[in-house]
Structures are given as structure tokens and as C-alpha cells.
Amino acid sequence: QQQVKQSPQSLIVQKGGISIINCAYENTAFDYFPWYQQFPGKGPALLIAIRPDVSEKKEGRFTISFNKSAKQFSLHIMDSQPGDSATYFCAAYGNTGNQFYFGTGTSLTVIP
Amino acid sequence: EAGVTQFPSHSVIEKGQTVTLRCDPISGHDNLYWYRRVMGKEIKFLLHFVKESKQDESGMPNNRFLAERTGGTYSTLKVQPAELEDSGVYFCASSLDGLADVYEQYFGPGTRLTVT
């Protein structure tokens, strides 16, 4: 049973555009929601994370929007750049289970 | 500071053979995790070491998988005998041993295992 559902599977965006990746979860015990960025040949690296007590967190061009009632969270990449082309994973973590549950990943391509 | 390293980067073996994957965590990181991503699927947790002890191995698929972390440093993950469905990318991650540090996991580049 997949704990975190991620969409879309792939995304192509023009340079300067906004990239949006969505995730949904069911387990209300989750209390930490990170996004990971993975470049080819590298492991996933923590990009930005949010806790459910806030609805939005912004770090530079990257923003997480969190909707606790809908059990959804999304990553917005503003002014997308070719260097942002990577695979992005959302994840969730909670004290029940003490492990990260990842989404299936989104392959983002930013066209110059 | 060196990151998490994994060896080999790629491995192609035949069904029924044995493969051993190695992970060297960041120096000083007591927590070590193994994950697997089957193509197109989610990254799945396999198990968690704290030093040399298995804290949680609930994600291990079956008894063909054996993980060890002798001396609390590097870890190995052995698959014996390998089956076709074991193909995927195996990631290792490590973190410090504070209450908040579980969230700060640093991933290695992964080992791509192909079982033919």
C-alpha cells in the first residue's frame, strides 16, 4: 500500500516557468514532509521540508504549500531553470513506523 | 567531508547468484539506512541500523536479504540467491544520532542492481 502518492510522473517546463509537483497522503500521524532532489548518478538530497503546523514554506525559488485538511502538499519551483532538471521525490515521516515513506518521483525537465 | 559512498555503482548478475552491496556512511553517523527503488516505483525503506544494531528491519522483503554492520561503521547488504524482482537501485543513507537528526538523512549515489 503506497503511503504517499505523487504526481505527475514527468513534467516539462519552459525556462522561467513554474513547476508544480503534487503529493497526497493518508496517515494523519505524519508530521514531517520533505522534498528531495536527485540528479543523475547522485543520491536524493534534501531540498526543503515542512511541518504541518504551517501552510507554506519558502526557500529561494522553492516553495512547499501544505493543506492539512486535504492531506496534500506540493512543491512549487518558481522561475524554473535548466539546472533544476532532476527527479523530485516527496516524502512523509511520522513517529508511527519511524521511517520515511516516499512518493514515486517526478522527472522534471526544464527546456531552455 | 566525504559523503555516503556505495560500492559497486552497478552490478549485473544472473538469477540465483549472490551479490553483496557495500555502504560507507559519513564518518560519525551512527544511523545507517538501506532503501530500494524499483524502476518507476517509490523509494522504499528496507532497514535501519543504530551503530551495529538493527533498529528496524521491517522493510526487508524476505530472508534472501541479509544486512550487517559489523563494528558500527560500514554496512553490507547481501542478496542470496538473487531473483529477477530484486532488480532496482539500492540506496544507503546515514544520519547523526540525535532526536532531530533522523530527519537529516544523507543519501549515497546508490547501487543499480540488475538481475537477469
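Going by the structure above, here's the rest.
Residues numbered from 1 in each chain as written. Chains lettered and ligands numbered in written order. Predicted model: local features only at pLDDT ≥ 70, side-chain atom pairs only at ≥ 80, totals over all residues. Heavy atoms only, no water.

A. Seen up close, the environment of A:Lys58. Residue and element names in this part refer to chain A. As for its placement among the helices and strands, lysine 58 is situated in strand S6 (residues 56-59). Judged by its relative accessible area of 59%, lysine 58 falls in the exposed class. Separated by 17 residues in the primary sequence, lysine 58 and leucine 75 place their C-alpha atoms 9.8 Å from one another. In this structure, lysine 58 is in contact with Ile48 and Thr63, ignoring residues within four places of it in sequence. (Helix = DSSP H or I, 4+ residues; strand = E, 2+ residues; numbered from the N terminus. Buried < 20%, exposed > 50% of the residue type's maximum accessible area, 1.4 Å probe, protein only. Contact = heavy atoms within 4.5 Å.)

B. A look at the state of the cysteines. Evaluated as defined, the whole model comprises 2 disulfides over all chains. Residue A:Cys23 pairs covalently with A:Cys90 via a disulfide, S to S 1.9 Å. Residues A:Cys23 and A:Cys90 are joined by a disulfide whose S-S torsion is about -90°; by sign, that bridge is left-handed. With A:Cys23 in strand S3 (residues 19-25) and A:Cys90 in strand S9 (residues 86-94), this pair connects stretches of sequence that are 67 residues apart. We note that A:Cys23, like A:Cys90, is buried. Here B:Cys23 connects covalently by a disulfide to B:Cys92, the sulfurs 1.8 Å from one another. (Disulfide = S-S within 2.5 Å.)

C. Structural view of the packing of aromatic side chains. Within the structure shown, the criterion is met by 24 aromatic pairs over all chains. Measuring from centroid to centroid gives 5.7 Å for A:Trp35 and A:Phe73, while their planes differ by 70°, and the two rings are edge-to-face. Taken together, the residues span a long stretch of sequence, with A:Trp35 in strand S4 (residues 30-38) and A:Phe73 in strand S8 (residues 72-77) at a distance of 38 residues. Side by side, A:Trp35 and A:Phe73 carry an identical accessibility label, which is buried. Where A:Tyr36 meets B:Phe107, the ring centres are 5.5 Å apart and the plane angle is 75°; that geometry is what we call edge-to-face. With A:Tyr36 in strand S4 and B:Phe107 in strand S10 (residues 106-107), this pair bridges two chains. Of the two residues, A:Tyr36 and B:Phe107, both sit in the buried class. Each member of the aromatic cluster is reached from another via a ring pair, and the members are A:Tyr32, A:Tyr36, A:Tyr93, A:Phe100, A:Phe102, B:Tyr33, B:Tyr35, B:Phe45, B:Phe91, B:Tyr103 and B:Phe107. Of note, A:Arg51 hangs over the ring of B:Tyr103, and the distance from its end group to the ring centre comes to 4.5 Å. Here B:Arg22 stacks its cationic end above the ring of B:Tyr74, 3.8 Å away from the centre of that ring. (Phe/Tyr/Trp six-rings, centres within 6.5 Å; stacked < 30°, edge-to-face > 60°. Lys NZ or Arg CZ within 6 Å of the ring centre and 35° of its normal.)

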